[in-house]
Amino acid sequence: MKKEWIAGALLAVLLGGAVYNIHYMDKLAQTLIGSVEHSRAQMDTGDYAGAEASLRGAIDLWMGSDGYTHIFIRHPEIDSATDAFYELLSDVVSRDNDAAVGSFEKVEAHLTSIAGMEHITIGSIL
Amino acid sequence: MAIVFFRTLIVYFSLLAAMRLMGKRQLGEMELSEFIVAALIADLASHPLQDIGIPMLNGLIPIFTLFCLEVVISGVSLRHVRLRGVLYGRPSVIISHGKIRQSEMRKNRFTLDELTQELRSQSVLDIATIEYAILETNGQLNIVLQPADRPVTAGQLGIAAPDTGYPTIVINDGRVLSENLARAGYNDAWLQKQLNAAKIASPQKVYLMTVDGTGGVYVAPMEEK
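Because the structure is predicted, anything quoted here is derived from the model rather than measured. (Residues numbered from 1 in each chain as written. Chains lettered and ligands numbered in written order. Predicted model: local features only at pLDDT ≥ 70, side-chain atom pairs only at ≥ 80, totals over all residues.)

Draft legend 1. Representation of the overall build of chain B in the model. Helix and strand counts for chain B stand at 9 helices and 8 strands. Sorting the 225 residues of chain B into buried and exposed places 14% on the buried side. Within chain B, contacts between residues at least 6 apart in sequence are counted, and of these 52% link residues at least 24 apart. (Helix = DSSP H or I, 4+ residues; strand = E, 2+ residues; numbered from the N terminus. Buried ≥ 20, exposed ≤ 12 C-beta atoms within 10 Å, placed from the backbone. Contact = placed C-beta atoms within 7 Å.)

Structural data, given as structure tokens:
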């Protein structure tokens, strides 16, 4: 019976880990989206230096989470999000407001998608 | 390349541990749930090995989940007969008193070809000689012959059959298994004596040597390479 209890406990740990992962990814995505939104607002007011700094902060956080994200997220998804971040950074640095609008949306969509794909829904399971 | 190599090592040892812990030494005789786990694990394990874009955990988590489920379900089914019946099914009597039970054959999707093949593999050619043929939950067909067709035992003939015990391997491919030798109650001196009697110079020249409970020795010399 000991073996069964250990297996049951391991199942509980796996489930707990999966739930923790959902919360971690949600929190990470929310923090990043917050920074990106802040950067967007700064850019809208013409504070390009501030927008760049906020965005670089978000990129540092994203890249700093690499150790975690590479273990739990499909690598092509991570690469797409990273590309979107640098594309946006390029638009912000070049002060191209028109192009940045789409790039901001793209980054946010990637982050929402990454966090959302871990959520347990009927649609995601089936 | 290195990633694939290390991933293969991790998945291999994880699978080995999982299959070993499942407690089945004969993988050919798997119960239904074990077969499902084995089939799924084989497929799950291969994906992260081939595609390094897939996190390793995507392969390992399902493997460990399946392994844990199998341990829990098999453990619980050991204690609950009804659950065992639901999960693994029940043995089916395919032949009873020399008569094929066609409804059981249909129920188990067991064809006549499969039945005759199984019977031939067990050297049974006449269905009338079978008292019971039972299709076990692991897919094996076990046969009980009619009393008149069962092999005669020494007990039935009133003959005292000597108990030769279990033959213990003492030399395996030129290597002396000292632990087995001691367990059988012999030593190196006895071994050398046996080899001398068989005109064999050293244990390295022996492919297989066994000794049974009555001291009966079987020696297969190593063939010249």
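Draft legend 2. How the structure looks around the interface of chain B and chain A. The interface of chain B with chain A comprises 13 residues on the first partner and 15 residues on the second. Residues belonging to the side of chain B that touches chain A are distributed by class as follows: 10 nonpolar, 3 polar and no charged. (Nonpolar A, V, L, I, M, F, W, Y, C, P; charged D, E, K, R; others polar.)

Draft legend 3. Structural view of the nonpolar core. Counting residues in each nonpolar core, the largest one holds 23 residues, and the members touching the most others are A:L55, A:F85, A:L88, A:V92, A:V107, A:L111 and A:I114. Residue contacts for A:I114: discarding those within four places in its chain leaves A:M25, A:A29, A:I73, A:E77 and A:A81. Formed by 10 residues, the second largest nonpolar core is a distinct cluster that contains B:I63, B:F64, B:C68 and B:V71. (Core = buried A, V, L, I, M, F, W, Y, C linked by C-beta atoms within 7 Å.)

Draft legend 4. The arrangement of the packing of helix 1 (residues 2–44) of chain A against helix 3 (residues 56–79) of chain B in detail. Running from N to C, helix 1 of chain A and helix 3 of chain B cross one another at 145°; their axes reach a closest spacing of 8 Å. Seen along the crossing, helix 1 of chain A lies across helix 3 of chain B with a hand that is left-handed. Packed against helix 1 of chain A, whose contacting residues are A:K3, A:E4, A:A7, A:G8, A:L10, A:L11 and A:L14, the element helix 3 of chain B presents B:I61, B:F64, B:T65, B:C68, B:L69, B:V71, B:V72, B:G75 and B:V76 at the interface. Its residues assigned to classes, the contact of helix 1 of chain A with helix 3 of chain B shows 11 nonpolar, 3 polar and 2 charged. (Axes fitted to C-alpha atoms, helices over the stretch in contact; angles between N-to-C directions. Left-handed = near helix turned anticlockwise from the far one by under 90°.)

Draft legend 5. Summary view of the sheet that holds strand 6 (residues 175–176) of chain B. Residues and elements named next belong to chain B. Ordered by their spatial adjacency, 4 strands build an open sheet running 6-5-7-8, and the pairing between neighbours is antiparallel. Both outer strands of the open sheet, strand 6 and strand 8 (217–221), are each paired with one neighbouring strand and no more. Where strand 7 (residues 206–211) and strand 8 come together, 5 bridges link them in antiparallel fashion. Of the residues in strand 8, the one forming a bridge with M209 is V219. (Pairing = 2+ DSSP bridges.)

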